[in-house]
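Architecture at a glance
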Amino acid sequence: MRKDESGRNFGAEGVELHESDSELSKNQENEPFTQMTSAQVAEAAKQIMPRVMRRLRKDRGRMVVDDIVSFSLPVSGQPGREAPLVALKTTGCMHSLGAGGCTMCEYGWAGRKVQTEELRGQLDRAFKIFEKANEEHEIVQFNINALGSFFDDREFPPEIRREIYERIKQAEASGRKVVFITESRLEYIDEAKLLEMRTMLGDEAKVEIGYGMESTNELIRDACVNKLLPADFEKKLALLKQFSVERWAHIILKPPFLNERDGIEDAVKSIDESFNNDWAEHVILMSMNIRKSTLVGELVERHEYELPDIWSLIEVVKRVGSEKASKLSLLGFVTANGTEQKVTGCSECEAPLKKVISKWTGVKEDYDELMRIEKEVHCACRGDWQKEVDKKPSEPLHIRIAKNLDRLTRDYLGAPLHEAIKSRPKIV
Ligand code: SF4
Ligand SMILES: [Zn+2]
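1. A look at the overall build of the protein chain
When helices and strands are tallied, the protein chain shows 17 helices and eleven strands. Whereas a compact globule of 428 residues would reach a radius of gyration of roughly 22 Å, the protein chain reaches 24 Å, a difference of no more than 12%. Its C-alpha atoms put the protein chain at 95 × 50 × 35 Å along the principal axes. Taking all 428 residues of the protein chain together, 43% fall into the buried category. Sequence separation of at least 24 residues holds for 76% of the intrachain contacts in the protein chain that already meet a minimum separation of 6.

Pasting the structure below:
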């Protein structure tokens, strides 16, 4: 920008700028990210989020897990039944230890490498929990997990996976139907591991494997969650299908940097696309929790993030419709240590809504009951929620995300976004 002798401002191409234009030009010099396209913001996020998250974890600390973790969850399609999910104390999620991990997650780590012998001892205790929980059931369920990924050899060495399959197979000997459930990032899944699993468990065993999709929008997935799916994730999903594995996609409700309306729309779209693209047979809709040592925890302290409203969750289920809702689990309300802040409602709506959500198994009766309450309850907090959802943001989502990334790079990498991008080679 230059001034002529009469004090008028001119832009780079000789066009006269008025006061507001010159202000804009100055802003663009300071904030070049406002010119970025959505694809450029997504690309920038892939580069800088792992660097930001690594620094953030260093500053805010990590939770050290000192024992196996177990809690009960409703069993999809079996009203009234709950079954334990057990996570062994493994070394920890390598995505978290390497690339800083997902922005909302703090499942912790062991603080050191966990040896195979120690895992064996934990397995004995885990299977005692399963034995008790399965006692009176014809369909026996084993939901067993690492802190990060079941198929990552650094968390579960192959011999431990084989011991797990053997123990599960023994339960089948009594003539009962077996369900094996676990979770893994997709990069650790390959044909040899799935072949071994199927060979050892047999074709009769039902296998459900959960994986974090979080959002089917790549910009949101990488910029807001730091998920970084492998480039060939669709091939991994096809491979799982080939081995008759039920794929359970995790979708998070309202990742950071999204407002209430964005959160609802992203969750509905992600659920639809997970099914329509044949990426999942079942979706776990995770309501966000606040864990102190995460980016979400940091944003809450800065008053830059609020948990999704309970009515947003109801709205997502309603918009998804009864057919897809029958293949949904609603999680995030029951957690291992229970200290996280979770989605709440007001004194009028919270109790009836949570009653249905906490026992939700996806059957038609659950959906009908939730929709009945949705019609009947008109509390004050619902009105506030509606006003929030009706707000129209002044800027497109990718620019709002870029502004947040810029703040993060300034705080954690000591440089504005455009300089932070240039300063290091790509990480992925
Ligand atoms: S959500 Fe899963 S992949 Fe992400 S950091 Fe946590 S354990 Fe790792
Ligand atoms: Zn309410």
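2. A short note on the nonpolar core
By size, the foremost hydrophobic cluster in this structure holds 113 residues, and its most contacted members are Ile251, Leu285, Val316 and Leu405. Among the elements that take part in this core, helix H2 (residues 38–60) stands out by supplying eight residues, more than any other. Excluding residues within four positions of it along the chain, Ile251 makes contact with Met213, Glu214, Ser215, Ala267, Ser270, Ile271, Ser274, Val283, Leu285 and Met286.

3. Observations regarding helix H13 (residues 350–358)
The complete set of buried residues in H13 reads Leu353, Val356 and Ile357. Taken around the axis of H13, the buried residues stretch over an arc of 100°, which confines them to a single face.

4. Focus: helix H4 (residues 116–134)
The first and last C-alpha atoms of H4 sit 26 Å apart over 19 residues, in line with the 27 Å expected at 1.5 Å per residue. Buried residues of H4: Leu119, Ala126, Phe127, Phe130, Ala133 and Asn134, and no others. Here the buried residues of H4 occupy an arc of 115° about the axis, which is enough to place them on one side. Set apart from the buried face of H4 by more than 90 degrees, the exposed residues are Glu117, Gly121, Asp124, Lys128, Glu131 and Lys132. As for H4, its buried residues are in contact with strand S5 (82–87), strand S6 (139–145) and helix H5 (158–172).

5. Details of the packing of H5 against helix H6 (residues 191–201)
The contact between H5 and H6 brings their axes to 9 Å, and the two run at 25°. When the interaxial angle is binned, H5 and H6 end up roughly parallel. In this structure, the crossing between H5 and H6 has a hand that is right-handed. Contacts from Arg162, Tyr165, Glu166, Ile168 and Lys169 of H5 reach H6 at Met197, Met200 and Leu201. Looking at the contact of H5 with H6 residue by residue, the class counts come to five nonpolar, no polar and three charged.

6. Considering the environment of Leu408
Structurally, the position occupied by Leu408 is in helix H16 (residues 397–413). For the pair formed by Leu408 and Arg112, sequence separation is 296 residues and the distance between their alpha carbons is 29 Å.

7. Considering the sheet that holds strand S7 (residues 177–183)
A sheet is described by the order of its strands in space; here eight strands give the open sequence S4-S5-S6-S7-S8-S9-S10-S11, paired in mixed fashion. At either margin of the open sheet sits one strand with a lone partner, and together these are strand S4 (69–74) and strand S11 (328–331). Neighbour to neighbour, the strand axes of the sheet diverge by 25° on average, direction disregarded. Where strand S10 (residues 282–287) lies against S11, four bridges are found, and the strand directions are parallel. Counterpart to Leu285 in the pairing with S11 is Leu330. Of the strands in this sheet, strand S8 (206–214), strand S9 (245–253) and S10 touch helix H9 (residues 260–276), which is tilted by about 170° from S9. With respect to the sheet, helix H11 (residues 310–320) is in contact with S9, S10 and S11, its orientation differing from that of S9 by roughly 135°.

8. Notes on unusual backbone geometry
For Glu214, which is not a glycine, the phi torsion comes out positive at approximately 65°. Residue placement: Glu214 occurs in strand S8. Using a count of 26 C-beta atoms within 10 Å as the deciding quantity, one classes Glu214 as buried. The phi torsion at Leu228 lies on the positive side, around 55°, for a residue other than glycine. Mapped onto the elements of the fold, Leu228 is located in the loop between helix H7 (218–224) and helix H8 (233–242).

9. Considering the pairing of S8
Among the nine residues that make up S8, seven are buried, leaving the element largely enclosed by the rest of the structure. For the crossover that starts at S7, traverses H6 and ends in the parallel S8, the hand is right-handed. Pairing geometry for S8 and S9, over seven bridges, is parallel. Paired with Glu214 across the strands is Ile251, a residue of S9.

10. Some remarks on the environment of Glu214
Here the alpha-carbon distance between Glu214 and Ile251, two residues 37 residues apart in the chain, equals 3.9 Å. If near-sequence neighbours (up to four positions away) are discounted, Glu214 is found in contact with Arg221, Val225, Lys227, His250, Ile251, Ile252 and Pro255.

11. Observations concerning the confidence of the model for the protein chain
Parts of the model with low pLDDT should not have their predicted coordinates read in detail. The predicted model of the protein chain has a mean per-residue pLDDT of 91, with 91% of residues at 70 or higher. With pLDDT under 50 throughout, residues 1–28 is counted as low confidence; its partners more than four residues away or in other chains account for 24 contacts.

12. Remarks on the environment of Thr34
Relative to the helices and strands, Thr34 resides in the loop between helix H1 (19–30) and H2. The class for Thr34 is partly exposed, based on 14 C-beta atoms found within 10 Å. A sequence separation of 133 residues divides Thr34 from Arg167, and the C-alpha atoms of the two residues are 56 Å apart.

Conventions and cut-offs
Residues numbered from 1 in each chain as written. Chains lettered and ligands numbered in written order. Predicted model: local features only at pLDDT ≥ 70, side-chain atom pairs only at ≥ 80, totals over all residues. Helix = DSSP H or I, 4+ residues; strand = E, 2+ residues; numbered from the N terminus. Rg over C-alpha atoms; globule rule 2.2 N^0.38 Å. Buried ≥ 20, exposed ≤ 12 C-beta atoms within 10 Å, placed from the backbone. Contact = placed C-beta atoms within 7 Å. Core = buried A, V, L, I, M, F, W, Y, C linked by C-beta atoms within 7 Å. Arc of directions from axis to C-beta. Expected span 1.5 Å × (residues − 1). Axes fitted to C-alpha atoms, helices over the stretch in contact; angles between N-to-C directions. Parallel < 35°, antiparallel > 145°, perpendicular 65-115°, else oblique. Left-handed = near helix turned anticlockwise from the far one by under 90°. Nonpolar A, V, L, I, M, F, W, Y, C, P; charged D, E, K, R; others polar. Pairing = 2+ DSSP bridges. Right-handed = clockwise from strand over helix to strand, strands pointing away. pLDDT = per-residue confidence, 0-100.

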